[in-house]
Amino acid sequence: MIKQATLSPALAQHAGLRIALWIALAALLLAAPFLIDAVLGRTWVRIIDVALLFMMLALGLNIVVGYAGLLDLGYIAFFAVGAYAYALLASPQFDIHASFLLLLPLGALVAAFFGVLLGAPVLRLRGDYLAIVTLGFGEIIRIFLNNLNRPFNLTNGPQGITLVDPLHLGTVSLAKTHTVAGITIAPVHSYYYVFLACVVASIFISARLEDSRIGRAWVAIREDELAAAAMGIHTRNMKLLAFAMGATFGGVAGGLFASFQGFISPESFTLLDSIMVLCMVVLGGMGNVGGVVLGALLLTALPEALRHAGPLQEALFGAVYIDPSDLRMLLFGLALVLMMLFRPAGLWPSKIRRRELAATREPAGTEGADVRR
Amino acid sequence: MDIFLQQLINGLVLGSIYALVALGYTMVYGILGLINFAHGDIVMVGALVALTVVGLLAGSGLPPIVILLIALAAAALVCVSIGVTVERVAYRPLRRAPRLAPLITAIGVSILIQYSAALVWGKQYISMPAIITPSEIRIGGAQLTDLQLYIFLLACGVMAALLWFIKSTRIGRAMRATEQNPDIAGLMGVDTNRVIAFTFVLGSAVGALAGLMVVLYYGLGHYFMGFMLGLKAFTAAVLGGIGNVAGAMLGGLLLGVIESIASGYIGDWTGGLLGSNYRDVFAFLVLVLVLVLKPSGLMGQRVSERT
Amino acid sequence: MNRRTVIGAAVAAAFAVALAGCKKEEPAAQKTDAPRAIESAAVRIGSASPLTGPQAHIGIDIRNGVQLAIEDANAAGVEIGGRKVKLELVAEDDEANPTKATTVAQKLVDSKVVAVVGHFNSGASIPASKIYSDAGVPQISPSSTNPKYTQQGFKTTFRVVAHDDQQGPTLGRFATATLKATAIAVIDDSTAYGQGLADAFERTAKEAGAKIVAREHTTDKDTDFKSILTKIKGRNPDLIMFGGIDPQAGPMVKQMSELGIKAKYIGGDGMQTPNFIKLAGPAAEGVMASMPGLPKEKMPGGAEFLKKYKAKFNQDVELFAPMGYDAVMVFVDSMKRAGSTDPAKFLPEIGKTSYNGVIGPVAFDEKGDLKNAPITIYVVKGGKWEALETVSPQAAPSSAGAGSGKK
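Just so you know, these numbers come straight off a predicted model, no measurement behind them.

J.: What's the story with the overall build of chain C in this structure? I'm lost.
T.: When you go through chain C residue by residue, the secondary structure sums to 12 helices and 15 strands. For chain C, buried positions account for 63% of its 407 residues. Within chain C, counting contacts between residues at least 6 apart in sequence, those at least 24 apart form 67% of the total. On chain C, roughly 14400 Å² of surface is accessible, and the fraction owed to carbon and sulfur atoms is 54%.

J.: For this particular structure, what's the right way to read the pattern of salt bridges?
T.: A side chain with one charge may pair with a side chain of the opposite charge, provided their charged atoms come close. Residues and elements named next belong to chain C. Within the structure shown, the criterion is met by 25 salt bridges over all chains. With a shortest N-O distance of 3.1 Å, Arg44 and Glu88 are connected by a salt bridge. Of the two residues, Arg44 is situated in strand 1 (residues 41–49) and Glu88 in strand 3 (residues 83–93); the sequence distance between them amounts to 44 residues. Across the pair, exposure class does not vary: Arg44 and Glu88 are buried alike.

J.: How should the interface of chain C and chain A be read in this particular structure?
T.: Often, the extent of an interface is quoted as the loss of accessible area upon association of its parts. Of the residues lining the interface, 46 residues belong to chain C; the matching set on chain A comes to 44 residues. At the boundary of chain C with chain A, total buried surface from both sides reaches about 4000 Å², with 54% on carbon and sulfur atoms. Taken together, the connections running from chain C to chain A amount to 0 salt bridges. Viewed at the interface, chain A and chain C are joined by 6 residue pairs in polar contact (both at pLDDT 80 or more). Every element with two or more residues in the side of chain C that touches chain A is listed here: helix 1 (2–20), strand 3, helix 3 (98–110), helix 4 (122–135), helix 6 (192–207) and strand 8 (211–217) of chain C. Of the residues forming the side of chain C that touches chain A, the biggest block, 9 residues, is contributed by helix 3 of chain C. Classifying every residue of the side of chain C that touches chain A by side-chain character gives 15 nonpolar, 15 polar and 16 charged.

J.: Explain unusual backbone geometry to me, please; I cannot follow it from the model alone.
T.: If a residue is not glycine, its phi is most likely negative; likewise, a peptide bond is most likely trans. Between C:Gly118 and C:His119 the backbone carries a cis peptide bond, its omega angle lying at -10°. Structurally, the position occupied by C:His119 is in the loop between strand 4 (115–118) and helix 4. Located in the positive-phi region is A:Asp95, a residue other than glycine, with phi close to 60°. Positionally, A:Asp95 belongs in the loop between strand 1 (90–91) and strand 2 (96–97). A relative accessible area of 59% places A:Asp95 in the exposed class.

J.: Just checking my understanding: could you explain the packing of helix 1 (residues 2–32) of chain B against helix 9 (residues 225–240) of chain B for this structure?
T.: The relative placement of two packed helices comes down to the angle between their axes together with the axis-to-axis distance. Residues and elements named next belong to chain B. The interhelical angle for the contact between helix 1 and helix 9, taken along N-to-C directions, is 75°, at an axis separation of 8 Å. If you check the angle between helix 1 and helix 9, you find them roughly perpendicular. Counting all contacts with helix 1, which are made through Ile17, Tyr18, Val21, Ala22, Tyr25 and Thr26, the residues of helix 9 involved are Leu229, Gly230, Leu231, Lys232, Ala233, Phe234, Ala236 and Ala237. By residue class, the composition of the contact of helix 1 with helix 9 is 11 nonpolar, 2 polar and 1 charged.

J.: Got a minute to help me understand a nonpolar patch on the surface in this structure?
T.: Judged by side-chain polarity, A:Leu331, A:Leu334, A:Leu338 and A:Phe342 come together as a nonpolar surface patch covering roughly 390 Å² of accessible area. Here A:Leu331 lies in helix 15 (residues 324–342).

J.: Before we go on, may I ask you to explain helix 6 of chain C in this structure?
T.: All names here are of chain C. Taking 1.5 Å of rise per residue, 16 residues should cover 22 Å, and helix 6 covers 23 Å from first to last C-alpha, within 8% of that figure. Counting buried positions over the 16 residues of helix 6 gives 12, a clear majority of the element. If you check which residues of helix 6 are buried, you get Ala192, Tyr193, Gly194, Gln195, Gly196, Leu197, Ala198, Ala200, Phe201, Glu202, Thr204 and Ala205. The secondary structure elements touched by the buried residues of helix 6 are helix 5 (164–178), strand 7 (183–188), strand 8 and strand 9 (239–243). Positive backbone phi, approximately 100°, marks Gly209, located one or two places after helix 6.

J.: For this particular structure, what's the right way to read the interface of chain A and chain B?
T.: Taken residue by residue, the interface counts 56 residues in chain A and 59 residues in chain B. Counting the surface lost from both chain A and chain B, the interface buries some 5200 Å², and carbon and sulfur atoms represent 70% of this. On inspection of chain A and its partner chain B, the count reaches 0 salt bridges. Counting the contacts that link chain A with chain B gives 0 residue pairs in polar contact (both at pLDDT 80 or more). Mapped by element, the contributors of at least two residues to the side of chain A that touches chain B are helix 7 (127–147), helix 10 (225–230), helix 12 (271–285), helix 15 and helix 16 (351–359) of chain A. Split by residue class, the side of chain A that touches chain B holds 36 nonpolar, 7 polar and 13 charged.

J.: Help me out: how do you make sense of a positive patch on the surface in this one?
T.: Residues and elements named next belong to chain B. A surface patch of positive charge is lined by Lys167, Arg170, Arg173 and Arg176. For the positive patch, the leading source of residues is helix 6 (residues 170–180), giving 3 residues. Relative to the helices and strands, Arg173 is located in helix 6.

J.: Help me understand the environment of C:Pro142, please; the structure alone is not making it clear to me.
T.: Tracing the backbone shows C:Pro142 in the loop between strand 5 (139–141) and strand 6 (157–159). Those residues within four positions of C:Pro142 in sequence are excluded, and the remaining contacts are C:Ile62, C:Val117, C:Gly118, C:His119, C:Val160, C:Val161, C:Phe320, C:Met323 and C:Gly324.

J.: It is not clear to me how the domain arrangement of chain C should be interpreted in this structure. Could you clarify?
T.: All names here are of chain C. Assigned domains of chain C: these are domain 1 (2–161 + 297–362) and domain 2 (165–292 + 374–406). Contact between domain 1 and domain 2 buries roughly 1500 Å² in total, counting both sides, with carbon and sulfur atoms accounting for 59%. Where domain 1 touches domain 2, the interface holds 0 salt bridges. Remark: the boundary between domain 1 and domain 2 carries 0 residue pairs in polar contact (both at pLDDT 80 or more). Residue composition of the side of domain 1 that touches domain 2, by class: 7 nonpolar, 6 polar and 2 charged.

Conventions adopted
Residues numbered from 1 in each chain as written. Chains lettered and ligands numbered in written order. Predicted model: local features only at pLDDT ≥ 70, side-chain atom pairs only at ≥ 80, totals over all residues. Heavy atoms only, no water. Helix = DSSP H or I, 4+ residues; strand = E, 2+ residues; numbered from the N terminus. Buried < 20%, exposed > 50% of the residue type's maximum accessible area, 1.4 Å probe, protein only. Contact = heavy atoms within 4.5 Å. Areas by Shrake-Rupley, 256 points an atom, 1.4 Å probe, with all protein chains shown as cover. Salt bridge = Lys/Arg side-chain N within 4 Å of Asp/Glu carboxyl O. Buried area = accessible area lost by both parts, 1.4 Å probe. Polar contact = N/O pair within 3.5 Å; in protein donor to acceptor, adjacent residues only side chain to side chain. Nonpolar A, V, L, I, M, F, W, Y, C, P; charged D, E, K, R; others polar. Axes fitted to C-alpha atoms, helices over the stretch in contact; angles between N-to-C directions. Parallel < 35°, antiparallel > 145°, perpendicular 65-115°, else oblique. Patch = residues over 30% accessible without salt bridge, like charges linked within 9 Å, V, L, I, M, F, W, Y side chains within 5 Å. Expected span 1.5 Å × (residues − 1). Lys, Arg positive; Asp, Glu negative; His and termini not counted. Charge placed at Lys NZ, Arg CZ, Asp CG, Glu CD. Domains from an automatic or database assignment.

The structure is reproduced here in structure tokens:
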């Protein structure tokens, strides 16, 4: 398992200790929403829920960028497609109210379809061009979603879709507060568990993928595509698979998002959101599941924590000189630049990536020579 | 026919602005192989600086052309400083890093420039005091202002100047050499670092000019205006053949015309199914088509397939 | 291995520090310069609007209106159920973003506000309304115009502004009946607000027999409208209607005059701002726009409000500050009538409101929409907005309808 590689040798040898740690972690995760509620308030439980959704997104993008090395700047389109697929079939829009058991897998399929659709024409393109084209696709999807309310109303255009059904099984709806054994479980708590389960599943799938033939094929393509092809790897199919698999994560996350928020509109799926997810992957540690999860958590939670910068400035300086939201963006941009300069593999890097990125710093060496790769 | 002519004129002027911005992209890409995401934001800073200067000098009684020149000088100064600093601090250390790193750095720089501008100028739309009143020119049934004509001529002029520069001066030759093979150029005595820095100087200066034109033409500036403009200009550069100065000009004009015509006629062509709200989609579709069908662009040289 | 754990620990520590700085979410109440506190219970009123981002100038304007109302109320002394209470402002920034809006809503609910004035855009008000409804916190939006906002079946949603299905048709009727336009071109900015307004306008104009010669769309980030305007010019309209806001309307009007288009130009409240005139320059002369509410000079207390606002905030009212102001006053009025600051108790009273505010008479229908919302059409004359005509769904002119039966 991945964890094994990152724990110190002493720890690795004590199987008993490892199991105990896992159990402790599991207990912590299960109790988390109530602990956070008590210490920090319900707002933070909600923030953690959103962070979990973004973890799924980051894990999905990690497959595309981290494993296969394909820079996708339009990833949020899959999130959007999943969200709309769910919302269209579980809301008053067409008055269809299908169950999430059908819709979430459907969202994954639809997203995968779009992943292949997007991937197919761009496979031959080099890194920079690929990035721009995926960016273009992301924008195209958003524009279509925003405008497909004429000549017939498919997506309800900029007004978005309201009253999206929450997750529910029979009469048990996650949008209501339940009491179990004397504990009050609010919607934010219920959704936390659903999201947590999905994130855990995503982590599991990512880990299996990484350690499979497919994963190794991706590494080969990433490091030297010609050589990989020469070794008999179907580079085209592998790349398509990366897009499709990455997209499915986005599709499922999208459906969950729609049910959680009860309302979706094209405004939630802009280029900035794509860039955010990319930064979660890059800053956290490309190719490393743990790093990516960390990146998602940090980049969702820190901006919220930074809201306090406003009152803090007032307390210290008597006036707000830098808007907290501007401050957040400035720090963000700075973080990107600094990370690339000093720690390009991310905060918690995967060993392979670290080796790759460090090796090419030296002027000698076969792969770093051409400036214009 | 009048309407078509008018749309054409609209497109050419819009395209001239794209061309001016695209020149900056194409030069940097040609020499570094890097898409400088931040270039659109440098244009924005130039626009806002020019706007501020004009605002300060508007009541001073100086003739408008003098005010504009001062504004241009100020904008160029600021833009060049930013461009050179960014190159030195953020891009140079990453010259040998894999594709992903400088691209992400460029995104980071773009965000930094945008929000620093927001700090300085605020997030409002800022209007340009009207110091020149454009006069009308009629061609057939279409209407044109002399400002529009100047923008078009200026774009052509700048391109011609750049072409001559790259062809006939020593630095121009050095730029071409570095573009073709930086290591060999280095061996032949070219100081590649200097040349690259100079490319950024040139690109940023042209960007400042583009910013001034934008703000004169539309009459307003905003901290976020660089983004879409940059994207479209990059599309134009790719359309014409990235790395190719004449290509940037051609690509810009062509993209402007395509956008104008499509936006004006798409509703009629598709019987109301698609409308002018899909205008941005056209630009992206053009980009995708060019990259898929002819990645070297209209005027570019064939680039090797090797990643 | 070591370096990694050090960095990991540093990140965790930084994170922990940031979190510790938050504690249990009790966002600090904004300082207002109300007279020093009489020892009384503090009643919190929330304000949610975009304080950053491209619509910040409108969002800050709303918050200012709310702040002014709270200060005025406190200065006059608020007595509810025999007790003196002091109002406190809790202002949050939703960045006009739907997801942030839900976070902000949760935050406000958690900090125990009794009522919320917000949000600015429908895209934020609608998702947030679910949270307020679940918590029983009444919400008055000063500016959201999407009809769906009050159609979700929540008891807590209200608004003090005409919505698109009211403002659009009013504009349409004005265009056909008063301006006698027969060939109209309609443009929208592809946002919920702009498109909703334009669609409602188009429907009404068509019903009145006018011909819609062109229907075009742009975005809320565009600055170049030449191609759309050229196409419209070819269709020879006598009126162009734009559903959108001032950053687009300004340049659009300017480009219209550059292209030599002689048609009249009319729009909604999104462009009825001083900023529009600045952006459009001399081309703004003759442009018309509607704005829900009575003309500020005719508003009872309108002129005074403008003066007070300018004195305190050193800038003119942007757009919705009076609505924000009145929203607070409506809350206070409802609390007084219910004799309680408990939302469960004064929520039902809000529906029965009959209050004369800065914006005119305020009363709500059963969905929470403003009843008999007067709409004023303004025109730009001599570089300023001037009231041209006030239209009301039930033609009740300026006698501020005291006590006329509501609901």
